[in-house]
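What the coordinates show
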Amino acid sequence: MEFIAPELKPRRPFRWPAALSGSKPAIFFGGDYNPEQWPREVWDEDIRLMKKAGVNFVSLAIFSWARLEPQEDVWDFAWLDEIITKLGSNGIAVDLASATASPAIWLAQKHPEILPVDEDGRTVWPGARQHWRATSPIYREYALKMCRKLAEHYKDNPYVVAWHLGNEYGCHNLYDYSDDANKEFQAWCKERYGTIEAVNEAWGADFWSQRVTSFDQILVPRHVNGFQNPGRMLDFRRFSSEALLRFCEAERDAIEEICPDKPFTTNFMVSGAAGQGVDYDAWAPSMDFVSNDHYFTPGEAHLDELTYSADLVDGMARRSPWLLMEHSTSAVNWRNINYRVKPGNTVRDSLAHLAFGANGILYFQWRQSQAGAEKFHSAMLPHAGENSQIFRNVCELGEDLRSLSEAGLLDTRLKRSDVAVLFDNESSWALQCDTLPTKKLAEFPEAFTFYRALLDLGITSDVIPVNGDWDGHRMVVVPNIYLMSSKLSQKLEAFARKGGMVIVTYMSGIADQTDRIWLGGYPGALRKLTGVRVEEGFPLGSDFAGTPDKLTLSNGAVAHDYADVVTSVDEGVDVLATYEAPADWGMNGVPAVTFHTFGGGACVYLGCRLNHEDVAGILRPLLPRLGVESAVESSSDVLRVVRVGEDGEDGVTRQFIFLFNRTDHEVQAPLEGTPLLASLASVDEDSSQVTLSSQGVVVSVIE
Ligand code: GLA
Ligand code: GLA
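Predicted model only: the values in this text are computed from it and were never measured. (Residues numbered from 1 in each chain as written. Chains lettered and ligands numbered in written order. Predicted model: local features only at pLDDT ≥ 70, side-chain atom pairs only at ≥ 80, totals over all residues. Heavy atoms only, no water.)

Counting its regular elements, the protein contains 18 helices and 26 strands. Relative to the globule expectation of 27 Å for 703 residues, the C-alpha radius of gyration of the protein, 26 Å, shows essentially globular dimensions. If you line up the protein on its principal axes, its C-alpha atoms span 75 × 75 × 50 Å. Expressed as a percentage of the 703 residues in the protein, the buried residues total 59%. Residue pairs in contact within the protein that sit at least 24 positions apart in sequence constitute 75% of those at least 6 positions apart. Split by element, the accessible area of the protein, about 27,300 Å² in all, is 50% carbon and sulfur. (Helix = DSSP H or I, 4+ residues; strand = E, 2+ residues; numbered from the N terminus. Rg over C-alpha atoms; globule rule 2.2 N^0.38 Å. Buried < 20%, exposed > 50% of the residue type's maximum accessible area, 1.4 Å probe, protein only. Contact = heavy atoms within 4.5 Å. Areas by Shrake-Rupley, 256 points an atom, 1.4 Å probe, with all protein chains shown as cover.)

Now for the packing of aromatic side chains. Within this structure, the stated rule accounts for 32 aromatic pairs. Here Y506 and Y562 contribute two aromatic rings whose centre-to-centre distance is 5.6 Å and whose plane-to-plane angle is 35°, an arrangement assigned as tilted. You can see Y506 sitting in the loop between β14 (501-505) and α16 (527-530) and its partner Y562 sitting in strand β18 (residues 562-569), a full 56 residues away along the chain. For the pair shown, Y506 and Y562 are each scored as buried. Ring centres of F538 and W585 lie 6.3 Å apart, and the angle between their planes is 40°; on these two criteria the pair is classed as tilted. Of this pair, F538 sits in strand β15 (residues 532-539) while W585 sits in the loop between β19 (573-580) and β20 (591-598), placing them 47 residues apart in sequence. (Phe/Tyr/Trp six-rings, centres within 6.5 Å; stacked < 30°, edge-to-face > 60°.)

Around ligand 2 sit F63, R129, N167, E168, D293, Y295, E326, W334, F364, E374 and H377, and that is every residue in its neighbourhood. One of the side-chain nitrogen or oxygen atoms of H377 is found 2.7 Å away from an oxygen atom of ligand 2. If ligand 2 stood free it would expose 300 Å²; the protein chains cover 97% of that surface. Classifying every residue of the shell around ligand 2 by side-chain character gives 4 nonpolar, 2 polar and 5 charged. (Near = heavy atom within 4 Å. Polar contact = N/O pair within 3.5 Å; in protein donor to acceptor, adjacent residues only side chain to side chain. Nonpolar A, V, L, I, M, F, W, Y, C, P; charged D, E, K, R; others polar.)

Spatial ordering of the open sheet is given by β5-β4-β3-β2-β1-β9-β8-β7-β6, a layout of 9 strands whose pairing is parallel. Either end of the sheet is taken by a strand with one partner, and the two such strands are β5 (264-265) and β6 (267-268). Summarising the sheet, strand β3 (residues 93-97) and strand β4 (residues 160-164) pair through 4 bridges and their orientation is parallel. Following the sheet pairing, V94 is matched in β4 by V160. (Pairing = 2+ DSSP bridges.)

For strand β21 (residues 601-606), a buried count of 6 out of 6 residues is recorded, marking the element as mostly surrounded by other parts of the structure. Burial along β21 is two-sided: G601, C603 and Y605 facing one way and A602, V604 and L606 facing the other are all buried. Across 5 bridges, β14 lies against β21 in parallel orientation. Its bridge partner being in β21, M501 is matched across the sheet by A602. Of the strand pairs in this sheet, β20 and β21 are connected by 6 bridges, and their pairing is antiparallel. Among the inter-strand pairings, T594 is bridged to a residue of β21, identified as Y605. Connecting β20 to the next strand, β21, in antiparallel fashion are 2 residues, including G599 with a positive phi near 55°.

Turning our eyes to something else, we now look at the UniProt feature "domain: Beta-galactosidase trimerisation" (unreviewed entry) in the protein. UniProt's feature table lists "domain: Beta-galactosidase trimerisation" (unreviewed entry) at residues 418-627, given in the numbering used throughout. Spanning residues 418-627, this segment combines 21% helix with 29% strand, and its end C-alpha atoms are found 10 Å apart. (UniProt positions renumbered as here; feature names shortened; annotations may be inferred.)

This next bit is on empty space enclosed by the protein. Overall, the coordinates contain 8 cavities of 30 Å³ or more when judged by the stated rule. Of the pockets and cavities examined, the largest cavity occupies roughly 170 Å³. Around the largest cavity, the lining is made up of 18 residues, and of these S428, L431, P445, E446 and N480 lie nearest the centre. Among the secondary structure elements, those contributing two or more residues to the lining of the largest cavity are β11 (419-423), α13 (425-430) and α14 (446-456). (1 Å grid on protein atoms, 1.4 Å probe; cavity = no way out; pocket = protein on both sides within 12 Å on 5 of 7 lines; lining within 4 Å. Points joined across faces, edges and corners; volume = space filled by probe spheres on them.)

Within the element layout of this structure, H473 appears in the loop between β12 (462-465) and β13 (475-478). Among the polar contacts made by the side chain of H473, one reaches the side chain of R416 at a distance of 3.1 Å. Not counting residues within four places of it along the chain, the set of residues in contact with H473 comprises R416, S417, D418, V419, A420, D462, I464 and F495.

In a structure, side chains of opposite charge can pair up when their charged atoms sit close to one another. With the rule as written, the count across this model stands at 49 salt bridges. Residue R48 pairs with E386 through a salt bridge whose shortest N-O separation is 2.7 Å. Within this pair, whereas R48 is found in helix α1 (residues 40-53), its partner E386 is found in the loop between β9 (358-363) and α12 (389-406), the two being separated by 338 residues in sequence. Residue classification places E386 among the partly exposed residues on the basis of a relative accessible area of 25%. For D574, the salt bridge identified is with R625, shortest N-O distance 2.6 Å. Remark: R625 occurs in helix α18 (residues 623-626) and D574 occurs in strand β19; sequence separation between them is 51 residues. D574 gets classed as partly exposed once you look at its relative accessible area, which sits at 33%. (Salt bridge = Lys/Arg side-chain N within 4 Å of Asp/Glu carboxyl O.)

With 5 of 5 residues buried, strand β8 (residues 322-326) is to be regarded as a mostly interior element. Summarising the sheet, strand β7 (residues 291-293) and β8 pair through 3 bridges and their orientation is parallel. Within β8, the position partnered with D293 by the bridge is E326. Between the parallel pair β7 and β8, the chain is carried across by helix α10 (residues 302-316), and the sense of this crossover is right-handed. As judged from the 3 bridges shared by β8 and β9, these two strands associate in the parallel manner. Paired with W322 across the two strands is A358, which belongs to β9. For the crossover that starts at β8, traverses helix α11 (residues 345-355) and ends in the parallel β9, the hand is right-handed. (Right-handed = clockwise from strand over helix to strand, strands pointing away.)

Take the nonpolar core next. Grouped together as the largest cluster of nonpolar side chains are 211 residues, with contacts concentrated most on L60, L80 and L96. It is helix α8 (residues 230-258) that provides the largest number of residues to this core, a total of 12 residues. Once residues within four sequence positions are removed from consideration, L80 is found in contact with L60, A61, L68, L96, L150 and Y154. (Core = buried A, V, L, I, M, F, W, Y, C linked by side-chain atoms within 4.5 Å.)

Sheet architecture is open: 9 strands sit in the order β12-β11-β13-β14-β21-β20-β19-β16-β17, paired in mixed fashion. Two strands lie at the open edges of the sheet, namely β12 and β17 (558-559), each paired on one side alone. Running at roughly 50° to β12, α10 makes contact with β11 and β12 of the sheet. Strands in contact with α14 are β11, β12, β13, β14 and β21; relative to β11, the strand with the most contacts, it is inclined by about 165°. (Axes fitted to C-alpha atoms, helices over the stretch in contact; angles between N-to-C directions.)

Moving on: a nonpolar patch on the surface. There is a patch of nonpolar side chains on the surface, built from F207, W208 and F227 and spanning about 380 Å² of accessible area. In this fold, F227 is placed in the loop between α7 (196-202) and α8. Classification of F227 as partly exposed rests on a relative accessible area of 45%. (Patch = residues over 30% accessible without salt bridge, like charges linked within 9 Å, V, L, I, M, F, W, Y side chains within 5 Å.)

Before going further, it helps to spend a moment on the confidence of the model for the protein. Model confidence for the protein is summarised by a mean pLDDT of 97, while 99% of its residues fall at 70 or above. Looking at the elements of the protein, mean pLDDT is at its lowest for strand β22 (residues 638-647), recorded as 91, and at its highest for β5, recorded as 99. (pLDDT = per-residue confidence, 0-100.)

This is the structure in structure tokens:
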């Protein structure tokens, strides 16, 4: 019998940090601030420069445990009081951390049983950060004591406007294989499946004699000498994300009991990278508002990856405003090569996050550290000081945000597209498995390829978590949604029957939510909707001499990494493209792209991995047939994003038009409405044209 996972929890009502008394609501601007790294004299200099830049919001005390509780039960809030007062009295609001991201070393020495254990049984020692296990009752006790102390001390502080729970939960301690984790994993399995027989069924435990007879025989996936059970791995990933969420909620609840009137958030790490460790769409309902940390991808995908991520965060926030909690003015410190941004990117990247629904733009961090692992990470105020290009960029951005606030941007939301690209984190976990037809499936998310392909067609689509609201769209893309409940496949069928258009890729609808394959030919759960039947995969690669590593399609596109061997199509399915391959490969003439009319709508099937240009090439002639020609907003060279109002305070409904140059050369676009900002761009109001140089952006308003 099919196991159906529980639905997402109910959402907490949206709450946003209040403006300080005497200040008007404005776009938040600022960053992480770590005054404990600096002597007092620097604090006054910080305030002066924050005011110069237009900073109105900072996050404090994220890594301050060792300063707040230097010894067990010895508390020091004096320094934090002092800096909060300095900030607040200068109009800078505080997002106060629960201070639990990096426990003081005395705690780890007294209780080494709070330390995480890796899959090989090695202890994770202090020396970096997040050296704690989410499932440790002892750590929980100490952490919640810290939360309560902070809540007691700051509950009535007028300058503290939000609570910042932890910090990037799971960045370094997502997977823990300790005995505490093992015990909690057993309890989690019991809660999810009810009976041990249901666990055996879910994990296919008769394979390699993994059947168990009681919950205490369940083990976390510690080091093994072969291939892990994929069902158990998938559940361990679900459990690991949820164990951290439960810890985060415990922090929230401890604070909320004492201080119920300030909103809660934590910084997610949503990006276009494959296989995100934490299932953020399952976390979002537990927050009062969603926050994200985003670091640019160097190279040609910089802008597209950034906007894909921002768009997805907006989907997770279900279109409520969200906060960009961290990004960088230039290089980070944690890649192999830490590239700087291009001139203009500091302003452009921030405006791109804003365009996609952020109502606050913050950085890691305010002042670049003089010592420690992040001393070469860029900041708002670099080592060079006030007289620097980066600080001038920051001041320019502060000015821009001020004028956008005044123009009414806060009263608008990202405009909905007719086209949605669905995103399923659990499927990306399942595709990280090392026993699939090819490991290449794990490498990059197909959702991003389709998002880019749509941008190439001038369509700014919505990226929406699969559990989000997509059935009001005209067209949805189902990219590598490998895990599919019968409920989801029925929802997609109903969507098409009512007139919706569905684009399905290879490796979608293959297994149920426990990673058991739907039998009878792939894509089992989507056989009816796609009208195709696949008997085997055709992985592509060059690790042996003479293996096929590319497949050409009859329309000129080129498949790489993976193709389906489509062995039959249902009656009424149009084959739009086939493979053209040497006869001895058995792929010549096999359908690669098909079109299936289904009720009032249709389903297009793309049976192989293609680059975004080829996906765009295939979709372009189909747009009229899919009824989404009107979703085309711009040329492929320009990204056009619109934020639309609800009625503003003055009763006027506004639209803000953001135009970004996606290319490395100068481009032009029509000007709409009144220009507000131009960065690396010029506006010719006589000819109603804007000219954007390669990293350029223009924002205009229509009232
Ligand atoms: C070996 C083992 C089998 C099976 C195959 C898979 O031969 O004996 O149990 O795992 O490999 O190739
Ligand atoms: C993360 C953390 C910050 C900092 C930055 C550096 O986002 O939250 O504390 O380490 O990375 O990029």
